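The residues making up each chain are set out below.
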Amino acid sequence: MQELITRAKELLADGTVSRVLGWKKGDLGWDPEPAWFEKEEDLEGFVYNPFCGANLSKYLIAAGKLEGRTLVFLKPCDTYSFNQLVKEHRVKKEKTYIIGVGCRGTLDPEKVRAAGMKGIEDAAVDGETLKVATLYGEKEMPLKDALLDRCLVCKGKTHVAYDELIGAQAGEEAGPGELAGDRFAGVERLEALPPKERFAFWQGQLSKCIRCNACRNACPACSCLKCVFDSSQFDSSQKANADTFEEQMFHIIRAYHVAGRCTDCGECSRVCPQGIPLHLLNRKFIRDINTFYGEYQAGADTESRAPLTDFTLEDVEPGIVSKRGGGR
Amino acid sequence: MYQMKKDRLTELFQAISGTKDLFLPLRKCDQTNYGLWTPEEVFDLETLKTVKSAKDCFFPQSEVLYRCKTEDGKISIDPQKLCDRPFVVFGMRACDVKAVEVLDRVFLSEPVDTFYAARREHGTIVSLACHEPEETCFCRNFGVDAAASGADVETWIIGDSLYWKPLTEKGEALTESLQAVLEAADGEASACEAEETVAREQEAIRGVIEKLPFSHLDLSRFQPENTMELFDSPLWEELYKPCLACGTCTFVCPTCQCYDIRDFDSGKNGVQRYRCWDSCMYSDFTMMAHGNLRTSQMQRFRQRFMHKLVYYPANNDGLYSCVGCGRCVSKCPASLNIVKVIKKLGGEA
């Protein structure tokens, strides 16, 4: 971490960047917040640890409107969001200086609590163990049990955009290594369910939605200046479910809007206060796109045309969707 | 003081729900929230904090105010019936109980909110003491006692027993109706023992509360006379920056009371006029015919905390409209919260 601070200070001092976007230490060891640093001395509060789950890419839209370049620290999966934002002309590469930081998976404070640890005052990683200081004594748990779900099926890719790397090697497989599983397994389990049960699953999950819009506001793909759900002309409200159909409509429309652009960064599920596995909706789209148009990873580059905004003579015929059992 | 074995809780809940609606923290799809209990539901009294507060029981996130319909050129209005069925909310923590006092001052002062007033009239609150307070709790700063809530009935779960102490007329009436399940402590010796057990538990809870990291915040600067100084503070620009402008903090908050009124056009079934919680974090919160009077997220962010810490107390005899439940501390996607605001503006950080 000290290396990151030292390098950030150098880049601020020599005028390469005007500000630094990183994370600031919180009060409780598990609550670092995304933070902007403008002066070298402010960086004393900088922190980078496995609780820094927040993807900072989306803040670069705001940073792009400011004078000079912004130094940003991005984890491997965050760089996919960055590329996608560049591709969509929401962020300018030349306004950004990226330090790619190594990542062994980020943690979910809710999982630590669910493991029975009440009153977490501080937490530190020691090898494969998470050591937790609580009001009710010292406790520990296997690190992998505290990982965010998204990290258990880490894309396992390298940084796809960076100016320099610290704590990571070019071409290195990041993520929790052998833990990386099949990220479509959850989707396949749902697809295998009879339609009634699948409907019941989503109804149960989406009924928890409180329409706080955290998923939308954290999502790097949801970068519209004004969301359709915020329009006063729209015959629906962004802050209440007038009927049970509406909560489903919101999430399904959102999934459609980000289809082909979602990099699967998992922020939607990380920020949901009700623990709704929203990433499963997006992964369903990613999997279908892979099946119908060939393997595609949004954000892997900044130039290629995405399957849903491109046309080739080899494109799948719509009928194949229904033949495969969709739409019924 | 009454007591009963913890393993008879379902019997207690059945006895209550026989004559009244019963709201309990229910476990559904891996989360705990208040909901109407039926024997098929799984209640969860272990989770200290429900995701949403118990506010929904008195002031639901969304409720219909009236329905109207046009038929043969005539408009008919069908008013929503007010709550007329007694109900019990069991398991509320002291912070959520205190939050009802904050809501009362808004909704029960003139003009009285009839929907809220009807629910308050018919609702009885049974609190449950916080056996193991958490690091995100900071209720002590707002005069809340996690070990004694002051609700209609106070309860404690200690070991394998539930201790039950009615405090108000409503609480006494509820207790009266549950004599078949609750056991009055027989004789002076056992009454004394129950009192002592509860007193020990209370002491233990208060001991933990004293040691919590956020239990001793300095609120001294949040006074009406400092309103303009706080409002104009350059610190807001720094504080708001990570804010994603979502409504998580406002929707999990037990004291946020703002709502919007909208029409839902359900086609041939007419129009439903409903109200739903609103969030000052949202850009359309202050949208009016002439335009929007809060044009930046910094202004919206500032509003939320100025309201809780300065404007509300200035109008309500110094009562803050934060009860220190800590839900915003654990739920904000950007780890922002009122504690960070109090520390920064209060001069601690």
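Residues numbered from 1 in each chain as written. Chains lettered and ligands numbered in written order. Predicted model: local features only at pLDDT ≥ 70, side-chain atom pairs only at ≥ 80, totals over all residues.

1. Considering the overall build of chain B
Link 1 in the chain: Looking only at helices and strands, chain B has eleven helices and 14 strands in total.
Link 2 in the chain: Relative to its length of 349 residues, chain B is compact, with a C-alpha radius of gyration of 22 Å against a globular reference of 20 Å.
Link 3 in the chain: Each principal axis of the C-alpha atoms in chain B carries an extent, and together these give about 70 × 65 × 40 Å.
Link 4 in the chain: Out of the 349 residues in chain B, the part that is buried amounts to 42%.
Link 5 in the chain: Restricting to contacts in chain B with at least 6 residues of sequence separation, those with at least 24 account for 68%. (Helix = DSSP H or I, 4+ residues; strand = E, 2+ residues; numbered from the N terminus. Rg over C-alpha atoms; globule rule 2.2 N^0.38 Å. Buried ≥ 20, exposed ≤ 12 C-beta atoms within 10 Å, placed from the backbone. Contact = placed C-beta atoms within 7 Å.)

2. Structural notes on the pairing of strand β5 (residues 74-79) of chain B
Residues and elements named next belong to chain B.
Link 1 in the chain: Little of β5 is tucked away, with zero of its six residues classed as buried.
Link 2 in the chain: In the sheet, strand β4 (residues 62-71) pairs with β5 via six bridges, with the strands oriented antiparallel. In the strand pairing of β5, E71 is matched with K74.
Link 3 in the chain: Between the end of β4 and the start of β5, which pair antiparallel, lie two residues, with D72 showing a positive phi angle near 50°. (Pairing = 2+ DSSP bridges.)

3. A short note on the domain arrangement of chain A
Link 1 in the chain: Once the domains are mapped, chain A shows domain 1 (1-106 + 156-181), domain 2 (109-146) and domain 3 (182-317).
Link 2 in the chain: The C-alpha-based centres of domain 2 of chain A and domain 3 of chain A are spaced at 31 Å. (Domains from an automatic or database assignment.)

4. Quick word on the sheet that holds strand β6 (residues 87-92) of chain B
All names here are of chain B.
Link 1 in the chain: Taken in spatial order, the eight strands of this open sheet run β3-β2-β6-β7-β8-β9-β1-β10, and their pairing is mixed. Looking at strand neighbours, the two that pair on one side only are β3 (31-36) and β10 (183-184), the edges of this open sheet.
Link 2 in the chain: Here strand β8 (residues 153-158) pairs with strand β9 (residues 161-166) via six bridges, running antiparallel. Opposite W156, over in β9, you have Y163 as the bridge partner.

5. Details of the interface of chain B and chain A
Link 1 in the chain: With 42 residues of chain B at the contact, the number on the chain A side is 37 residues.
Link 2 in the chain: Those elements that place two or more of their residues in the side of chain B that touches chain A are α5 (187-211), α8 (248-252), β11 (259-265) and β12 (271-277) of chain B.
Link 3 in the chain: Here the side of chain B that touches chain A takes four residues from β11 of chain B, the largest share from any one element.
Link 4 in the chain: Across the side of chain B that touches chain A, the residue classes tally to 20 nonpolar, eight polar and 14 charged. (Nonpolar A, V, L, I, M, F, W, Y, C, P; charged D, E, K, R; others polar.)

6. Thoughts on the environment of P76 of chain A
Link 1 in the chain: Locating P76 of chain A in the fold gives a position in helix α3 (residues 76-87).
Link 2 in the chain: When the C-alpha positions of P76 of chain A and Y162 of chain A are compared, they lie 9.5 Å apart, and in sequence the two are 86 residues distant.

7. Considering the environment of A54 of chain A
Link 1 in the chain: Position of A54 of chain A among the secondary structure elements: in the loop between β2 (33-37) and α2 (59-63).
Link 2 in the chain: With 22 residues separating them along the chain, A54 of chain A and P32 of chain A place their C-alpha atoms 9.0 Å apart.

8. Examining unusual backbone geometry
It is generally the case that most residues other than glycine have a negative phi and that most peptide bonds are trans.
Link 1 in the chain: In this structure, the amide linkage connecting E110 of chain B to the following residue, P111 of chain B, adopts the cis form with an omega of -5°.
Link 2 in the chain: Phi is positive for R211 of chain A, close to 55°, though the residue is something other than glycine.
Link 3 in the chain: Looking at where R211 of chain A falls in the secondary structure, it is placed in the loop between α8 (195-206) and α9 (214-218).
Link 4 in the chain: On the neighbour-count criterion, R211 of chain A (23 C-beta atoms within 10 Å) is buried.
Link 5 in the chain: With a phi close to 70°, N213 of chain A is a non-glycine residue in the positive phi region.

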